[in-house]
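An overview of the molecular structure
Residues per chain, in single letters:
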Amino acid sequence: MKNTTLAIAFVSPALIFLLAVLGWPLVQAAILSFQDVGVIGSEGHFIGLGNYATILGGAGFWQALGRSIVWVLSNAVVQTILALATALVLNQKFPGVRIARTWIILTWIVPTVVVVIIWRWLLSSSGGIINPLLIQAGAIDRPVGFFATRESAMATLIMINSWRWFPFTTLMMLAGLTRIPGDLYEAARVDGAGTFQRFKRITWPLLQPTLMVLGVVGTLLSFNVFDVIWLLTAGGPAGATQTLPVLIYETAFKGYRLSQAATISVLTTILLMGFAFFATRAMAAAEADR
Amino acid sequence: MRRTLGQSLSLYGGLLLIALVIGLPFWWVLTGSIKLPKEIIQRVPTMVPQSFTLQHFEKLLQASDFPVYLLNSMVVALFSTAFTVLLALPAAYAFFRMEFPGRNALYKTILLAYAFPGVVVLIPLYGLFAKVGLIDSPVALVIVNVAFALPFSIWMMRSFLSSVPREIEEAAVVDGAPTLTILVRILMPLIAPGIASVAIFAFISSWTEYLFASVLIVSDARRTIPVGFAGIIGQYQIDWGLLLAGATAAIIPVVILFALVGRWFVSGLTDGAVK
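Each value, and the rule that gives it
- Residue indices follow the written sequence of each chain, beginning from 1 at its first position.
- Chains and ligands are labelled by the order in which they are written, letters from A for the one and numbers from 1 for the other.
- Selection of residues for local features in this predicted model requires a pLDDT of at least 70, selection of side-chain atom pairs for listing and counting requires 80 or more, and totals for whole chains, interfaces and linings are taken over all residues.
- Values shown for side chains rest on all heavy atoms present in the structure; no hydrogens or waters enter the calculation.
- Under the scheme used here, helices are H or I runs from DSSP no shorter than 4 residues and strands are E runs no shorter than 2 residues, and both carry numbers assigned from the N terminus.
- Only protein chains enter the area calculation, which uses a 1.4 Å probe; residues under 20% of their type maximum are buried, those over 50% are exposed, and those in between are partly exposed.
- The criterion used for residue contact is that any of the two residues' heavy atoms lie within 4.5 Å.
- Only four residue types enter the tally: Lys and Arg on the positive side, Asp and Glu on the negative side; His and the chain ends are excluded.
- Working definition for charges: the position is that of NZ of Lys, CZ of Arg, CG of Asp or CD of Glu.
- We define buried area as the total accessible area lost by two parts upon association, computed with a 1.4 Å probe and summed across both.
- Every case where a carboxyl oxygen of Asp or Glu lies within 4 Å of a side-chain nitrogen of Lys or Arg is listed as a salt bridge.
- Any N or O atom pair separated by 3.5 Å or less is treated as a polar contact, with the protein-specific requirement of one donor-capable and one acceptor-capable atom, and with residues adjacent in sequence counted only for side-chain atom pairs.
- As a working rule, the residues Ala, Val, Leu, Ile, Met, Phe, Trp, Tyr, Cys and Pro are called nonpolar, Asp, Glu, Lys and Arg charged, and the rest polar, with Gly in that last group.
- Take the number of residues in a helix, subtract one, and multiply by 1.5 Å to get its expected span.
- Two axes enter the definition of the bend at a residue: one is fitted to the seven residues ending there, the other to the seven starting there, and the bend is the angle between them.
- To get an axis, a line is fitted to the C-alpha atoms, and for a helix only the part in contact is used. The angle between two axes follows their N-to-C directions and goes from 0 to 180 degrees.
- Small angles under 35 degrees read as roughly parallel and large ones over 145 as roughly antiparallel, with 65 to 115 read as roughly perpendicular and the rest as oblique.
- If you view the pair so one helix is near and one far, a crossing is left-handed when the near helix is turned anticlockwise from the far one by less than a right angle, and right-handed when it is turned clockwise.
- The nonpolar core is taken to be a set of buried Ala, Val, Leu, Ile, Met, Phe, Trp, Tyr and Cys residues, with the residues joined through side-chain atoms within 4.5 Å.
- Any Phe, Tyr or Trp ring, taking Trp's six-membered ring, that has another such ring centre within 6.5 Å forms a pair; planes under 30 degrees apart are called stacked, those over 60 apart edge-to-face, and the others tilted.
- You can read pLDDT as the predictor saying how much it trusts each residue, on a scale of 0 to 100.
- Only residues whose relative accessible area exceeds 30% and that take part in no salt bridge are eligible for patches, with like-charged residues grouped when within 9 Å of each other and nonpolar side chains (Val, Leu, Ile, Met, Phe, Trp, Tyr) grouped when within 5 Å.
- Per-residue and other accessible areas follow the Shrake-Rupley method at a 1.4 Å probe size, with only the shown protein chains counted as cover for residues.

Below, the discussion takes up the overall build of chain B. Broken down by element type, chain B carries 13 helices and zero strands. When the elements of chain B are put in sequence order from the N terminus, they spell out α-α-α-α-α-α-α-α-α-α-α-α-α. In terms of principal-axis extent, the alpha carbons of chain B reach across some 70 × 70 × 30 Å. Taking all 275 residues of chain B together, the buried fraction comes to 56%. Across chain B, every contact between residues at least 6 apart in sequence was considered, and the portion connecting residues at least 24 apart equals 73%.

Quick look at the overall build of chain A now. Tallying secondary structure elements over chain A gives 13 helices and zero strands in all. Secondary structure elements of chain A occur, N-terminal to C-terminal, as α-α-α-α-α-α-α-α-α-α-α-α-α. Expressed as lengths along the three principal axes of its C-alpha atoms, the size of chain A is roughly 75 × 70 × 35 Å. Across the 290 residues in chain A, those meeting the buried criterion constitute 48%. Across chain A, every contact between residues at least 6 apart in sequence was considered, and the portion connecting residues at least 24 apart equals 64%. Separation between the mean location of the 18 positive side-chain charges and that of the 11 negative ones in chain A comes to 6 Å.

Moving on, we come to the interface of chain B and chain A. Between chain B and chain A, the residue contacts involve 93 residues of the former and 92 residues of the latter. Of the roughly 8100 Å² buried between chain B and chain A, counting both surfaces, carbon and sulfur atoms make up 82%. Across the contact surface, chain B and chain A share zero salt bridges. Scanning the region where chain B abuts chain A turns up two residue pairs in polar contact (both at pLDDT 80 or more). Residue contributions to the side of chain B that touches chain A peak at 16 residues, all from helix α13 (residues 240–270) of chain B. Residues of the side of chain B that touches chain A, tallied by class, amount to 76 nonpolar, nine polar and eight charged.

Attention now moves to helix α8 (residues 150–177) of chain A. Residues and elements named next belong to chain A. Over its 28 residues, α8 runs 38 Å from end to end, which matches the ideal 40 Å to within 8%, given 1.5 Å per residue. At Trp 165, α8 shows its largest kink, close to 40 degrees, and the proline Pro 167 lies no more than four residues downstream. Burial of α8 is extensive: 23 of the 28 residues sit out of reach of the surface.

With that out of the way, let us pick up unusual backbone geometry. Negative phi characterises most residues that are not glycine, and trans characterises most peptide bonds. All names here are of chain A. Cis geometry is adopted by the peptide bond preceding Pro 237, which originates at Gly 236 and carries an omega value of -5 degrees. Inspection of the secondary structure puts Pro 237 in the loop between α11 (227–232) and α12 (244–253). Even without being a glycine, Ala 238 presents a positive backbone phi close to 50 degrees. The topology assignment puts Ala 238 in the loop between α11 and α12.

Moving on to the side chain of B:Ser73. Residue and element names in this part refer to chain B. Along the polypeptide, Ser 73 turns up in helix α4 (residues 66–97). Within the structure, the side chain of Ser 73 is placed 2.9 Å from the backbone nitrogen of Ile 225, a separation counted as a polar contact. In this structure Ser 73 touches Trp 207, Thr 224, Ile 225 and Pro 226, once residues within four positions along its chain are discounted.

In this section: the packing of helix α5 (residues 103–114) of chain B against helix α7 (residues 138–162) of chain B. Residues and elements named next belong to chain B. The contact between α5 and α7 brings their axes to 7 Å, and the two run at 125 degrees. In terms of axis orientation, α5 runs oblique to α7. When you trace α5 past α7, the crossing you get is left-handed. Along the contact surface, α5 presents Tyr 107, Ile 110, Leu 111, Ala 113 and Tyr 114, while α7 presents Phe 148, Pro 151, Phe 152, Ile 154, Trp 155 and Arg 158.

Along the chain, B:Ala250 falls in helix α13. The sequence separation of B:Ala250 and B:Asp175 amounts to 75 residues, and the corresponding C-alpha distance is 50 Å. Discounting chain neighbours no more than four positions away, the residues touching B:Ala250 are A:Pro111, A:Val114, B:Phe66, B:Trp207, B:Ile225 and B:Phe229.

This next bit is on the packing of α4(B) against α7(B). Residue and element names in this part refer to chain B. Their axes nearest at 6 Å, the elements α4 and α7 cross at an angle of 40 degrees. If you check the angle between α4 and α7, you find them oblique. For the pair α4 and α7, the crossing hand works out as right-handed. Here the contact of α4 with α7 is built from residues that sort into 21 nonpolar, five polar and two charged.

On to the pattern of salt bridges. Residue and element names in this part refer to chain B. The tally for this structure, following the rule as stated, stands at four salt bridges over all chains. Ionic pairing is found between Arg 222 and Asp 136, a salt bridge with its closest N-O pair at 3.9 Å. Here the residue Arg 222 occupies a position in the loop between α11 (211–216) and α12 (225–233), and Asp 136 occupies one in the loop between α6 (118–131) and α7, the gap between them amounting to 86 residues. Note that Asp 220 is salt-bridged to Arg 223, the shortest N-O span being 2.9 Å.

Below, the discussion takes up the nonpolar core. Judged by nonpolar contacts, the single largest core of 186 residues is most densely connected at A:Ile105, A:Tyr249, B:Ile154, B:Ile191, B:Phe212, B:Phe265 and B:Leu269. Those residues in contact with A:Tyr249 that lie beyond four places of it in its chain are A:Phe226, A:Trp230, A:Lys254, B:Val119, B:Leu122, B:Leu211, B:Ser214 and B:Val215.

This paragraph deals with the packing of aromatic side chains. Inspection of the entire model under this criterion finds 28 aromatic pairs over all chains. Feature note: the residues A:Trp103, A:Trp108, A:Trp165, A:Phe168, B:Phe152, B:Trp155, B:Phe201, B:Phe258 and B:Phe265 constitute an aromatic cluster, connected by ring pairs.

In this section: the confidence of the model for chain B. For chain B, the mean per-residue pLDDT works out to 85, and 96% of the residues sit at or above 70. Interface scoring of the predicted complex returns ipTM 0.86; its pTM is 0.89.

There is a patch of nonpolar side chains on the surface, built from B:Leu71, B:Val75, B:Phe79, B:Phe83 and B:Leu86 and spanning about 510 Å² of accessible area. Relative to the helices and strands, B:Val75 resides in helix α4.

As a further point, take α13(B). For α13(B), with 31 residues, the first-to-last C-alpha span of 37 Å runs short of the 45 Å given by 1.5 Å per residue. For α13(B), the principal kink sits at B:Val261 and spans about 75 degrees.

What follows concerns the environment of A:Phe147. Residue and element names in this part refer to chain A. Within the secondary structure layout, Phe 147 lies in the loop between α7 (130–136) and α8. It is 18 Å that separates the C-alpha atoms of Phe 147 and Asn 75, two residues lying 72 residues apart in sequence. Those residues in contact with Phe 147 that sit more than four places away from it in its chain are Leu 123, Ala 153, Thr 156, Leu 157, Ile 160, Leu 232, Thr 233 and Pro 237.

In structure tokens:
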């Protein structure tokens with residue numbers, strides 16, 4: 001249907017709204033990053049690139065960036081493995097398949113704070129089930145504090161976040177799996193290919209476009225995770241789980257250095273947009289090669 | 001086609017494992033909420049409750065601020081849902097059914113907004129809301145929730161709109177019906193599942209939102225469930241019975257919603273997904 005005026009009338013409310021609530025604040029963040037505002041509401045002066053020199057010259061930003069990269073990559077690996085295995089199971093025919101495909105997403109639709117309560121309780125040393133289970137299995141001798149050491153805190157957070165997100169990834173993979181034509185498998189079966197051969201020669205290569213899209217979207221989505229980390233460890237112990245979003249929040253609302261927080265925000269945005277730009281270009285190139 | 005014994009074993013074994021990984025944590029929370037306090041903190045936890053009490057729920061409803069948080073969350077979520085649908089529907093129609101200059105570029109830009117880190121605009125938004133007197137107001141939360149739900153909602157409408165044959169609209173045009181009439185009378189009923197899945201997505205996003213609610217809301221009486229609960233978790237002595245009852249109560253509304261329209265939501269999430 002061609003009716004440009006009407007189309008613009010349909011799009012503009014959403015567009016103007018997004019520009020006002022997301023676009024304009026981004027500009028404000030950029031302006032703030034060139035000033036020296038401390039506490040919210042106080043006046044600032046123009047100080048040029050001073051904040052950028054401070055942030056890029058200090059260790060805090062780079063350490064948080066490193067943790068964010070570890071966070072994103074580990075979540076990607078754990079979730080891809082869990083989701084692929086789950087999707088391969090749910091892609092088969094069995095009674096109740098619809099119900100399974102709907103309710104798998106349960107962990108993703110409950111509030112994050114509920115996820116936090118669930119896991120704090122399961123992992124707690126009084127009444128939690130995980131410690132007794134691990135003791136019974138012989139993995140540990142006495143109850144451990146999962147958020148007590150630097151490494152175990154990060155690893156535990158990654159497992160909890162993956163538990164919350166892998167069903168979402170599973171549904172996306174299922175969408176990709178259902179697009180693979182069934183005759184391909186039939187033909188392979190006739191040719192005598194086994195289960196593993198069929199996975200390796202058909203499923204895996206044909207799932208690549210799906211995996212690539214998930215890689216880009218998943219990277220951005222896990223990068224942004226804040227509440228699970230904040231509510232479980234608040235970035236601790238000793239900053240071990242302080243990713244970039246946590247650093248921004250702490251700098252602004254605990255450290256009262258608003259302009260510096262805005263500076264980290266601007267740098268983060270540039271990083272993510274740069275990643276999205278190059279990733280989509282690489283995907284388009286891969287598409288063209290196929 | 002028949003499955004071999006090995007294939008059946010791996011299928012049902014896999015299903016059982018998935019059910020355990022997802023279901024067991026919920027099972028412990030649900031059953032924990034009706035156990036007596038001394039059973040809750042027992043050193044070796046019980047799989048099936050040995051005691052039964054409603055004292056945690058009584059405390060939750062009578063002695064805590066939970067009913068207030070619940071009401072606040074409900075109001076914010078319902079308004080966020082309504083405005084998201086109102087904005088997403090016409091925009092999605094224009095993007096997927098009409099042509100106008102710059103359509104593709106605009107659509108991609110809006111999609112990018114979905115992956116946008118909320119914490120980046122939190123600081124300037126706080127300043128803007130302070131200027132117009134919206135700090136500590138549920139209106140601010142609704143505005144933020146709609147903005148973050150909108151891009152994904154527009155994208156989700158795609159598969160539902162493309163499932164409607166274009167001939168239906170063309171026939172209406174030939175009959176001389178004005179475009180708005182076509183949209184409301186003819187298209188709306190056909191894409192009802194799509195509207196439902198956008199609504200459920202917007203509701204869940206709002207129901208779950210913590211970051212903005214924790215900063216933009218100041219007074220205890222206006223807190224939503226996520227922030228209200230976070231306050232209880234932060235206390236020195238954790239009352240697990242109360243928290244587990246609260247968690248159970250916070251799960252119920254989304255589970256009911258999902259039982260009604262979850263199937264459409266999942267298809268909205270996956271159908272147009274990989275493109």
